[in-house]
Amino acid sequence: MTHTIATHVTTASGAKYVAQLCKHWAHKFDVTMEGTTGTVPFGDATAVMAPDDSGIALSITGTDRDGMQRLTDVLARHIDRFAFREAPLDYDWQWREG
């Protein structure tokens, strides 16, 4: 069964952070950028980062809920590292089933 966990992070620099993260992870993963939206395959789960006018919509889709939960921390830590002037940002991850 496929699961999705998602959040929206408020920041004025969403597009900048997504671009930085994709560049950072491109040496390890097959990262794709379509416009300003970045997709990062992390083995059994895939993260999508889509910036908008108020921040970044983040979602992780996969089959291993425990592994996906760990990825929420990985994404948050990396975004906060790039957003050090405004970190820590507020992440309210929610599971979306079905």
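Note that the structure is a prediction, hence the values are computed from the model and not measured. (Residues numbered from 1 in each chain as written. Predicted model: local features only at pLDDT ≥ 70, side-chain atom pairs only at ≥ 80, totals over all residues. Heavy atoms only, no water.)

**Q** Lay out the pairing of strand β4 (residues 45-52) in plain terms, naming residues and giving numbers.
**A** By the alternation rule, side chains of β4 split into A45, A47, M49 and P51, which are all buried, and T46, V48, A50 and D52, of which none is buried. As judged from the 5 bridges shared by strand β3 (residues 37-42) and β4, these two strands associate in the antiparallel manner. For T39, the partnering residue across the bridge sits in β4 and is V48. Following β3, the chain reverses through 2 residues before pairing antiparallel with β4; G43 in that reversal takes a positive phi of roughly 70°. When β4 meets strand β5 (residues 55-62), the two strands line up antiparallel, connected through 8 bridges. (Buried < 20%, exposed > 50% of the residue type's maximum accessible area, 1.4 Å probe, protein only. Helix = DSSP H or I, 4+ residues; strand = E, 2+ residues; numbered from the N terminus. Pairing = 2+ DSSP bridges.)

**Q** Could you give an account of helix α2 (residues 65-82), naming the residues involved and the relevant values?
**A** When the terminal C-alpha atoms of α2 are compared, their 26 Å separation across 18 residues agrees well with the 26 Å that a helix rising 1.5 Å per residue should span. Among all positions in α2, only G67, M68, L71, T72, L75, A76, H78, I79 and D80 are buried. Buried residues along α2 sit against β1 (3-10), α1 (14-25), β3, β4, β5 and β6 (94-97). Its side-chain oxygen at 3.2 Å from the backbone nitrogen of D66, D64 defines the N-terminal cap of α2. (Expected span 1.5 Å × (residues − 1). Contact = heavy atoms within 4.5 Å. Polar contact = N/O pair within 3.5 Å; in protein donor to acceptor, adjacent residues only side chain to side chain.)

**Q** Lay out the sheet that holds strand β2 (residues 32-34) in plain terms, naming residues and giving numbers.
**A** Spatial ordering of the open sheet is given by β2-β3-β4-β5-β1-β6, a layout of 6 strands whose pairing is antiparallel. If you trace the sheet from one side to the other, it starts and ends with β2 and β6, each paired once. Shown here is a sheet whose adjacent strand axes are inclined to one another by a mean of 20°, direction ignored. Helix-sheet contacts for α1 involve β2, β3, β4 and β5, and the interaxial angle to β4 is about 150°. Against the sheet, α2 touches β1, β3, β4, β5 and β6, its axis set at about 155° to β5. (Axes fitted to C-alpha atoms, helices over the stretch in contact; angles between N-to-C directions.)

**Q** Give a detailed account of the packing of α1 against α2, specifying residues and quantitative values.
**A** Geometry of a packed helix pair, given as the angle between the helix axes and the separation of the axes. Between α1 and α2, the least distance of the axes is 10 Å, while the angle of their chain directions is 115°. Classified by the interaxial angle, the pair formed by α1 and α2 is roughly perpendicular. The way α1 lies across α2 gives a crossing that is right-handed. Taken together, the residues of α2 that come into contact with α1 (itself represented by Y17, Q20, L21, H24 and W25) are V74, L75, H78, I79 and F82. Counted by class, the contact of α1 with α2 contains 7 nonpolar, 3 polar and no charged residues. (Parallel < 35°, antiparallel > 145°, perpendicular 65-115°, else oblique. Left-handed = near helix turned anticlockwise from the far one by under 90°. Nonpolar A, V, L, I, M, F, W, Y, C, P; charged D, E, K, R; others polar.)

**Q** So what about the packing of aromatic side chains? Which residues, and what values?
**A** Under the criterion given, the structure shown has 2 aromatic pairs. Considering the side-chain rings of W25 and F42, the 5.2 Å spacing of their centres and the 85° angle between planes classify their relative orientation as edge-to-face. Of this pair, W25 sits in helix α1 while F42 sits in strand β3; the two residues are 17 residues apart in sequence, bridging distant segments of the chain. Neither residue differs from the other here; W25 and F42 are each classed as buried. A centroid spacing of 4.8 Å and a plane angle of 65° characterise the contact between F29 and F42, whose relative ring orientation is edge-to-face. (Phe/Tyr/Trp six-rings, centres within 6.5 Å; stacked < 30°, edge-to-face > 60°.)

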